[in-house]
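Architecture at a glance
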Amino acid sequence: MTSTWHFDPTPGAANRLPETVLETVRSAQRAVVFGGAGMSAESGIATFRDAQSGALWARFDAEQLATPEAFLRDPERVWGWYEWRRMQVLQARPNVAHRAVVELAQRLPQLRVITQNVDDLHERAGSREVLHLHGSLHQARCFDCAAAHPLDALPDEPEGGRYLAPPRCLCCGGPVRPGVVWFGESLDPHVLDAAFAAAGACDLFLSVGTSGLVHPAAQLPDVARQQGATLLHVNPQRPQGVSGEDVCLLGPAGQILPLLLRQAWG
Ligand code: BJW
Ligand code: ZN
């Protein structure tokens, strides 16, 4: 049966994690950290669906911004929106949760980091070989020929509220698009295969800050569970897809991941 533990924010609260959880983490041979927008929420980056941390899809229409059709219809609007988000990420810093993942990898050397996030905060915290399922805000490419396109270190500010036109491809002159995966697009098969292989081979699957609503990423926990891994979900709210013997650790990642480290290896 699924079990649930709540973080208590009261100053001085003991917040002792269950010994079974600590032992599972300590003894993991091949761990996976699978993250979503909640991992970066404490860096000030808005999530997509969680009202308490900005909820991009409550303020903006995904159909008008996060599909290839939207880009073809209104490239300035889509490009400008992604440049605005890239600027926010450039100004943000990795948070305690990103740093805890780096420390966890020092304790568990086989650990793989799989993220749905399009920021580079894991890398800036020090994580290596992060699998980016949904691409990156920092790797633009041509819409027509897919050639990589270098981005300016700092995006231009939109003038008078006007959206920026996307740059043109240096190879074919086509419009440059953000290097993210939009709805209806396939994920990079190499990244997806590597993520499914890691989930299928792990003994600990630590899911952090994802609503578990977007596929095929949302199938990764199921793959891990089917192969016998222990699943821990770190999230202030119970996400979709929790089942079986999963353990929910309810609270912010920036509180729970450091507790996990401190109590497992004290
Ligand atoms: C905290 C916290 C704190 C807050 N600490 N936690 C099968 C079934 C149903 C639908 C589909 C299916 N297969 C495919 C689909 C369609 C679609 C899909 O999944 N739709 C669903 C939404 C219904 N999938 C696709 O289109 C995918 N492509 C595909 O499948 O191709 C093959 C195909 C093609 C054509 C037809 C059919 C198949 C592509 C999906 C691409 C997703 N792209 C986005 C945008 C990326 C670019 C951008 O950034 O703009 O990726 S959408 C958005 O959602 C983004 C995220 O990576 C993704 C996941 O969101 P995430 O990370 O879970 O964030 P939230 O906001 O949902 O949740 C945040 C969580 O954090 C919450 O739980 C909070 O509680 C928590 N939290 N503070 C810890 N401090
Ligand atoms: Zn091109």
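Only a predicted model underlies this, so the values are computations on that prediction, with no experimental measurement involved.

What to know about the site of ligand 1
Around ligand 1 sit 35 residues in total, of which Y82, E185, T210, S211 and N235 are the nearest. At 2.7 Å, a side-chain N or O of R85 approaches an oxygen atom of ligand 1. Here a nitrogen atom of ligand 1 and a backbone polar atom of E185 are 2.7 Å apart. Surface burial for ligand 1 is 77%, taken as the share of its 1,500 Å² of free accessible area covered by protein chains. Mapped by element, the contributors of at least two residues to the shell around ligand 1 are α2 (37-41) and α6 (75-91). In terms of residue count, the dominant contributor to the shell around ligand 1 is α2 (3 residues). Class assignment for the residues of the shell around ligand 1 results in 16 nonpolar, 14 polar and 5 charged. Summarising the domain contributions, the shell around ligand 1 has at least three residues from each of domain 1 (1-43 + 94-134 + 187-266) and domain 2 (46-91 + 136-180).

Quick word on the sheet that holds strand β6 (residues 148-149)
Strand order in the open sheet made by the 3 strands is β6-β5-β7, with antiparallel pairing throughout. Whereas interior strands pair on both sides, the edge strands pair on one side only; in this sheet they are β6 and β7 (176-180). Contacting β5 (135-142) and β7, α6 crosses the sheet at an angle of about 140 degrees to β5.

Considering the UniProt feature "binding site: Zn(2+)" (unreviewed entry) in the chain
Mapped onto this numbering, the UniProt entry gives "binding site: Zn(2+)" (unreviewed entry) at C142, C145, C169 and C172. The annotated residues occupy 31 residues of the chain but converge on a single region, no pair of C-alpha atoms lying more than 8.4 Å apart. Among the secondary structure elements, C142 is positioned in strand β5. Here C142 is in contact with A147, C169, C172, G174, P175, V176 and R177, once residues within four sequence places are set aside. Within the secondary structure, C169 is located in the loop between β6 and β7. Setting aside residues no more than four positions away along its own chain, C169 makes contact with C142, C145, A147, H149, G174 and V176.

Let's talk about the coordination of the zinc ion (ligand 2)
Surrounding the zinc ion (ligand 2) are the protein donor atoms C142 (SG), C145 (SG), C169 (SG) and C172 (SG), at 2.2 to 2.4 Å. Relative to the metal, the 4 donor atoms surrounding the zinc ion (ligand 2) lie at angles of 101 to 117 degrees, and the coordination shape comes out tetrahedral. Motif for the zinc ion (ligand 2), donor spacing along one chain: C-x2-C-x23-C-x2-C. Of this pair, C145 sits in the loop between β5 and β6 while C172 sits in the loop between β6 and β7, and the two are 27 residues apart along the sequence.

So, the sheet that holds strand β4 (residues 131-132)
The parallel open sheet is built from 7 strands, whose spatial order is β1-β10-β9-β8-β2-β3-β4. Each edge of the open sheet is held by one strand with a lone partner, namely β1 (3-6) and β4. The sheet contacts of helix α11 (residues 253-265) involve β1, β8 (204-208), β9 (230-235) and β10 (247-250), and relative to β8 the element is tilted by about 155 degrees.

Side note on the environment of N117
In this fold, N117 is placed in the loop between β3 (112-115) and α8 (121-125). For N117, a relative accessible area of 5% corresponds to the buried category. Setting aside chain neighbours within four positions, we find N117 in contact with G36, A37, M39, S40, H132 and G135.

Thoughts on the domain arrangement of the chain
Segmenting the chain into domains produces domain 1 (1-43 + 94-134 + 187-266) and domain 2 (46-91 + 136-180). A separation of 28 Å is found between the C-alpha centroids of domain 1 and domain 2. Taken residue by residue, the interface counts 12 residues in domain 1 and 13 residues in domain 2. Here domain 1 meets domain 2 over a buried area of about 910 Å², counting both sides, of which 61% is carbon and sulfur. At the junction of domain 1 and domain 2, the tally comes to 0 salt bridges. Top contributing element to the side of domain 1 that touches domain 2 by residue count: α2, with 3 residues. Its residues assigned to classes, the side of domain 1 that touches domain 2 comprises 5 nonpolar, 4 polar and 3 charged.

Topic: the pattern of salt bridges
Between side chains of opposite charge, a pair can form as their charged atoms come close. If you walk through the whole model with that rule in mind, you get 8 salt bridges. With a shortest N-O distance of 3.0 Å, R225 and D222 are connected by a salt bridge. Within this pair, R225 and its partner D222 are both found in helix α10 (residues 220-226), separated by 3 residues, close to a single helical turn. Looking at D222, the relative accessible area reads 28%, which means it is partly exposed. Of the charged contacts in the structure, one is a salt bridge between R225 and D246, with a shortest N-O distance of 2.8 Å.

The rules behind the values
Residues numbered from 1 in each chain as written. Chains lettered and ligands numbered in written order. Predicted model: local features only at pLDDT ≥ 70, side-chain atom pairs only at ≥ 80, totals over all residues. Heavy atoms only, no water. Near = heavy atom within 4 Å. Polar contact = N/O pair within 3.5 Å; in protein donor to acceptor, adjacent residues only side chain to side chain. Areas by Shrake-Rupley, 256 points an atom, 1.4 Å probe, with all protein chains shown as cover. Helix = DSSP H or I, 4+ residues; strand = E, 2+ residues; numbered from the N terminus. Nonpolar A, V, L, I, M, F, W, Y, C, P; charged D, E, K, R; others polar. Domains from an automatic or database assignment. Pairing = 2+ DSSP bridges. Contact = heavy atoms within 4.5 Å. Axes fitted to C-alpha atoms, helices over the stretch in contact; angles between N-to-C directions. UniProt positions renumbered as here; feature names shortened; annotations may be inferred. Donors = N, O, S within 2.8 Å, 3.2 Å for Na, K, Ca; no water. Tetrahedral: all angles 85-135°; square planar, octahedral: opposite > 155°, others 65-115°. Buried < 20%, exposed > 50% of the residue type's maximum accessible area, 1.4 Å probe, protein only. Buried area = accessible area lost by both parts, 1.4 Å probe. Salt bridge = Lys/Arg side-chain N within 4 Å of Asp/Glu carboxyl O.

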